[in-house]
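A closer look at the structure
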Amino acid sequence: MKIKQSFAVAVAAFLLVALTGCASVASLADKKDTVSSIKKLAKMLVKDSSNQEAADVFNELYNREMANKMYIVETTSQDVLNEFASSQGASSVESALKSIVQNLPDRTDTKNYKSVVDDYAVKTVISRLTELKDNYRDLTEIQSAVKPVPETIGEIQTYYVEKYTNDFNSGWTRASDDLGDFYKKCGDAMLPAQTAYEITKIIDIYKKAETAYFNQSKISSVRNIIYTLYMDQGDQYLAIAKQEIPNIARDKDKASDPANSASMAYTNALGYKTNDSRAKEAKKEATYYYGVAKLAAAEAGGYTGAGAAGYAESAFGAILDYKDSRDRQKDARALAAKEHKGGECYYCTQVEYDAGKKHNVITFNKKGQELTVNGVEFSSLSNLDQITYKGMGGDEFILWNNDFDYRLNGKSQLWSTGLVGETLTYTYKKDADGTIHAFNSYGREIYTFTTPDEGVTYIYTSDTKQTYTFAKY
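Rules of the game
- Residues numbered from 1 in each chain as written.
- Predicted model: local features only at pLDDT ≥ 70, side-chain atom pairs only at ≥ 80, totals over all residues.
- Heavy atoms only, no water.
- Helix = DSSP H or I, 4+ residues; strand = E, 2+ residues; numbered from the N terminus.
- Rg over C-alpha atoms; globule rule 2.2 N^0.38 Å.
- Buried < 20%, exposed > 50% of the residue type's maximum accessible area, 1.4 Å probe, protein only.
- Contact = heavy atoms within 4.5 Å.
- Areas by Shrake-Rupley, 256 points an atom, 1.4 Å probe, with all protein chains shown as cover.
- Lys, Arg positive; Asp, Glu negative; His and termini not counted.
- Charge placed at Lys NZ, Arg CZ, Asp CG, Glu CD.
- Polar contact = N/O pair within 3.5 Å; in protein donor to acceptor, adjacent residues only side chain to side chain.
- Salt bridge = Lys/Arg side-chain N within 4 Å of Asp/Glu carboxyl O.
- pLDDT = per-residue confidence, 0-100.
- Core = buried A, V, L, I, M, F, W, Y, C linked by side-chain atoms within 4.5 Å.
- Phe/Tyr/Trp six-rings, centres within 6.5 Å; stacked < 30°, edge-to-face > 60°.
- Lys NZ or Arg CZ within 6 Å of the ring centre and 35° of its normal.

1. Brief notes about the overall build of the chain
A tally of regular secondary structure across the chain gives 15 helices and 14 strands. Taking 473 residues into account, the globule formula puts the C-alpha radius of gyration at 23 Å, and the chain, at 38 Å, lies well above it. Based on the C-alpha atoms only, the size of the chain along its principal axes is roughly 125 × 55 × 40 Å. Counting across all 473 residues of the chain, residues that qualify as buried make up 45%. For the chain, restricting intrachain contacts to residue pairs at least 6 apart in sequence, the fraction spanning at least 24 positions comes to 57%. Surface exposure of the chain reaches about 24,500 Å², of which carbon and sulfur atoms provide 50%. In the chain, which carries 57 positive and 63 negative side-chain charges, the distance between the mean positions of the two groups comes to 1 Å.

Here it is, written out as structure tokens:
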């Protein structure tokens, strides 16, 4: 039989502890984490059951906490759920939750968005089910710690330690699964989602279920739901991006953000199915359209031009084997290099060549437009002469890391693919004197640029004896 200690006796024991200088026991008595205190006191008593200070404090804390927690777990999860359904005038938990969802404010308004778990009655159920789970966990831990404690403790004042044989661990498991089930039903009640944004809120509810569950099959089931929701969210965002890409203008890009959100959604889906081929392919597609959107914004110019080109370059670089990403990456690099945001861009300032006995020199601006022909302004030439000398400009080349790209009128002149299934890469190296050697993927040197002035300008002579002069963009 338990010997109950009065509050006055307990206070006296605490004072005794303080006076005798046993600070460790006194501090345990004052701790708010009573479960931790009981476990530490139990260890002391296993080591020395006659430790009177520890016995006094343990007896008070243990009996009080067991009484409180045993009272709480007298209420079952089903009691809580039945009470909830009844309070909502519903025949089941599911119908009660659906009724609450139907009365939520505009679910498409991201500024005032609320979900079913924000309802007071639902919060109360979650709180009570969580309390049940936590108390079963505490009871399990307390009884595990008390099991090796001798039945009688103390030396001057002895106490009988009552040990409980209840299966608290099963109660803990059951209460955890009941909480997980309720969260899952909350998530189910929110389906179908009204917007791609809302899916994130619904997923958060299912994640609560995933965390609460002990049952592995239930965890797997809810993880599959979360995966599906992330995929649906990605599909919705990607559809928005594709729709907006044609509308991108100088200061308007409403496609990049949804494309990026789609990529993030597919990445999250892969967190739940790591090797899922559909999610992997979808992520590539979303990354591709994010790059397409950023490249379109860069090409349109405006305040996003330079930054957009850099983002596009990175996006395409991450998926070089997807569609025409390699070629688009080169386009993005050219724009970024022209804004001095990476790599180096050199444009053709002059072309020299012989036509019969006449030596011609044509100069160009950065856009590849003719400025002069043999020292005469191009605009002052006759129509026939303009036709004769027009179209020879627009050459440029880009150096980016180890990648080389020769371009004409804004387009790469080196194909990114050769034989079927083969990807070609183009590289370069610089000599000590500044000479640039460009190679194809077979190691053949296809361009050689020499510099007469330590890199201020570069000279290239083609097979047709045309000499090109390049300057840094």
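Now, onward.
2. Thoughts on the environment of Asp253
Looking at the element boundaries, Asp253 is found in the loop between helix 10 (216-244) and helix 11 (256-270). Among all residues touching Asp253, those that are not within four sequence positions of it are Ile248, Ala293, Lys294 and Ala297. Within the structure, the side chain of Asp253 is placed 3.1 Å from the backbone nitrogen of Ala255, a separation counted as a polar contact. Engagement of the side chain of Asp253 in a polar contact is seen with the side chain of Ser256, the distance being 2.5 Å.

3. Looking at the pattern of salt bridges
Within the structure shown, the criterion is met by 27 salt bridges. A salt bridge links Lys185 to Glu94, with the nearest nitrogen and oxygen atoms 3.3 Å apart. One end of the pair, Lys185, is in helix 8 (residues 168-189); the other, Glu94, is in helix 6 (residues 93-102), with 91 residues separating them in the sequence. The exposure class of Lys185 is partly exposed, given its relative accessible area of 28%. In this structure, Glu370 engages Lys390 in a salt bridge whose closest nitrogen and oxygen atoms are separated by 4.0 Å. Note that Glu370 is positioned in strand 5 (residues 370-373) and Lys390 in the loop between helix 15 (383-389) and strand 7 (395-400), a separation of 20 residues in sequence. Residue class for Glu370 comes out buried when judged on its relative accessible area of 12%. We classify Lys390 as exposed; its relative accessible area is 54%. Look at the salt bridges and you will find they share partners, linking Lys69, Lys133, Asp134, Arg137 and Asp138 into a network.

4. A word on the confidence of the model for the chain
Confidence along the chain averages 90 in pLDDT terms, with 91% of residues attaining 70 or more. For residues 1-23, every residue scores under 50 in pLDDT, and the model assigns this stretch 25 contacts once sequence neighbours within four places are set aside.

5. Details of the nonpolar core
Counting residues in hydrophobic clusters, the biggest one holds 103 residues, and the most contacted among them are Phe58, Phe84, Leu97, Val116, Val122 and Phe182. Ranked by the residues each element gives to this core, the list is headed by helix 7 (residues 120-146), at eleven residues. Those residues in contact with Phe84 that lie beyond four places of it in its chain are Val93, Ala96, Leu97, Ile100, Ala121, Val122, Val125 and Phe182. With 24 residues, the next largest nonpolar core counts Val373, Tyr389, Leu399 and Tyr468 among its residues.

6. Observations regarding the packing of aromatic side chains
Scanning the entire structure with this criterion turns up 26 aromatic pairs. Ring plane angle 80° and centroid distance 6.4 Å describe the contact between Phe397 and Tyr458, whose orientation is recorded as edge-to-face. Here Phe397, found in strand 7, pairs with Tyr458, found in strand 13 (residues 457-461); they are 61 residues apart in sequence, far enough to count as distant. For the pair formed by Phe397 and Tyr458, the shared burial category is buried. Sitting above the plane of the Tyr227 ring, Lys273 keeps its charged end 4.3 Å from the centroid.

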